[in-house]
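Take a look at the letters that make up each chain.
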Amino acid sequence: MRGIAVDIFLGLGVAVAIMSSIGILAMRDAYQRVHYVTPISLLTPVSIGIAILIQSGWSSRSAQTWLAIGFMAIASPFLSHATMRAIRIRETGDWRLTLPKQADQAEEPK
Amino acid sequence: MSAFLVTAILLLVAVIPSGIVVARGGFPDAVVAFQGIASSVVMVLALIAEGFNRSGEFELPLLGAVLIYGSGLVFVRFMERGL
């Protein structure tokens, strides 16, 4: 029974990773591709972490694995946000929708 | 071969589409695909450690998880500056 549960969670993790990786390849631009990084860095590690937890029980192995997963779960959204921001700055020169100078010009009375 | 090692091999196979993006895409696309590959590789390290039943090697995914965040920010910074 434990082996079946381990296999299920490992298979789930691999399936998510394969589909997300194909999604990264299939999307048109980097903005769309960022969305497919999140399942690889969140769902796959959690699924594999559960499998290791079932296999090893409460041990230093599962603790270190879950520490790594916890760090990835916290860091991944920050990294995705920073990546999108950097792509926008690279393309338009600023991350804001309207630059401050343009906003001032728009607010000036005619 | 245990299920963990088979999963590690399959995860490495899953990296191939992202690797194509790294090789053929532009710099922003490559950075995004690199982040996906790095996350997969961290899990591969954990799976190898579990598959070969070596407790000491579980430190590698932990270090990897910290380092991919730092390396990702470095690439993002370079990308922001237009390199």
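Summarised in this report is the structure supplied together with it. Here the structure is a predicted model, which means the values were calculated and not measured.

Taken residue by residue, the interface counts 40 residues in chain A and 39 residues in chain B. For the side of chain A that touches chain B, the secondary structure elements donating two or more residues are helix 1 (2–26), helix 2 (30–56) and helix 3 (60–92) of chain A. The leading source of residues in the side of chain A that touches chain B is helix 3 of chain A, at 16 residues. Partitioned by chemical class, the residues of the side of chain A that touches chain B number 26 nonpolar, 10 polar and 4 charged.

This paragraph deals with the packing of helix 2 of chain A against helix 2 (residues 27–51) of chain B. Here helix 2 of chain A crosses helix 2 of chain B at 5 degrees, and the two axes come no closer than 9 Å. Viewed along their axes, helix 2 of chain A and helix 2 of chain B adopt a mutual orientation that is roughly parallel. Where helix 2 of chain A approaches helix 2 of chain B, its residues Ala30(A), Arg33(A), Val34(A), Tyr36(A), Val37(A), Ile40(A), Ser41(A), Thr44(A), Pro45(A), Ile48(A), Ile52(A) and Gln55(A) are matched on the opposing element by Pro28(B), Asp29(B), Val32(B), Ala33(B), Gln35(B), Gly36(B), Ser39(B), Ser40(B), Met43(B), Ala46(B), Leu47(B) and Glu50(B). In terms of residue class, the contact of helix 2 of chain A with helix 2 of chain B is built from 14 nonpolar, 7 polar and 3 charged.

Let us look at the packing of helix 1 of chain A against helix 2 of chain A. Residue and element names in this part refer to chain A. Their axes nearest at 8 Å, the elements helix 1 and helix 2 cross at an angle of 170 degrees. On the basis of the axis angle, helix 1 is roughly antiparallel to helix 2. Two packed elements cross with a definite hand, and for helix 1 against helix 2 that hand is left-handed. Across from Arg 2, Ala 5, Val 6, Phe 9, Leu 10, Leu 12, Gly 13, Val 16, Ala 17, Ser 20, Gly 23 and Ile 24 in helix 1, the residues of helix 2 making contact are Arg 33, Tyr 36, Pro 39, Ile 40, Leu 43, Thr 44, Ser 47, Ile 48, Ile 50, Ala 51, Ile 54 and Gln 55.

Glancing now at helix 1 (residues 3–24) of chain B. Compared with an ideal rise of 1.5 Å per residue, which puts 22 residues at 32 Å, helix 1 of chain B spans 33 Å between its outermost C-alpha atoms and is within 8% of the ideal. The largest bend along helix 1 of chain B measures about 35 degrees and falls at Pro17(B). For helix 1 of chain B, the full list of buried residues reads Phe4(B), Thr7(B), Ala8(B), Leu11(B), Ala14(B), Val15(B), Pro17(B), Ser18(B) and Val21(B). The secondary structure elements touched by the buried residues of helix 1 of chain B are helix 1 of chain A together with helix 2 of chain B.

Attention now goes to the environment of Gly36(B). In this structure, Gly36(B) sits in helix 2. When the 30 C-beta atoms within 10 Å are taken as the criterion, Gly36(B) is described as buried. Sequence separation between Gly36(B) and Glu57(B) is 21 residues; the distance between their C-alpha atoms is 22 Å. Setting aside chain neighbours within four positions, we find Gly36(B) in contact with Ser20(A), Ser21(A), Ile24(A), Tyr36(A), Val37(A), Ile40(A) and Ser18(B).

Cut-offs and rules
- Residues numbered from 1 in each chain as written.
- Chains lettered and ligands numbered in written order.
- Predicted model: local features only at pLDDT ≥ 70, side-chain atom pairs only at ≥ 80, totals over all residues.
- Contact = placed C-beta atoms within 7 Å.
- Helix = DSSP H or I, 4+ residues; strand = E, 2+ residues; numbered from the N terminus.
- Nonpolar A, V, L, I, M, F, W, Y, C, P; charged D, E, K, R; others polar.
- Axes fitted to C-alpha atoms, helices over the stretch in contact; angles between N-to-C directions.
- Parallel < 35°, antiparallel > 145°, perpendicular 65-115°, else oblique.
- Left-handed = near helix turned anticlockwise from the far one by under 90°.
- Expected span 1.5 Å × (residues − 1).
- Bend = angle between axes of the 7 residues up to and from the residue.
- Buried ≥ 20, exposed ≤ 12 C-beta atoms within 10 Å, placed from the backbone.

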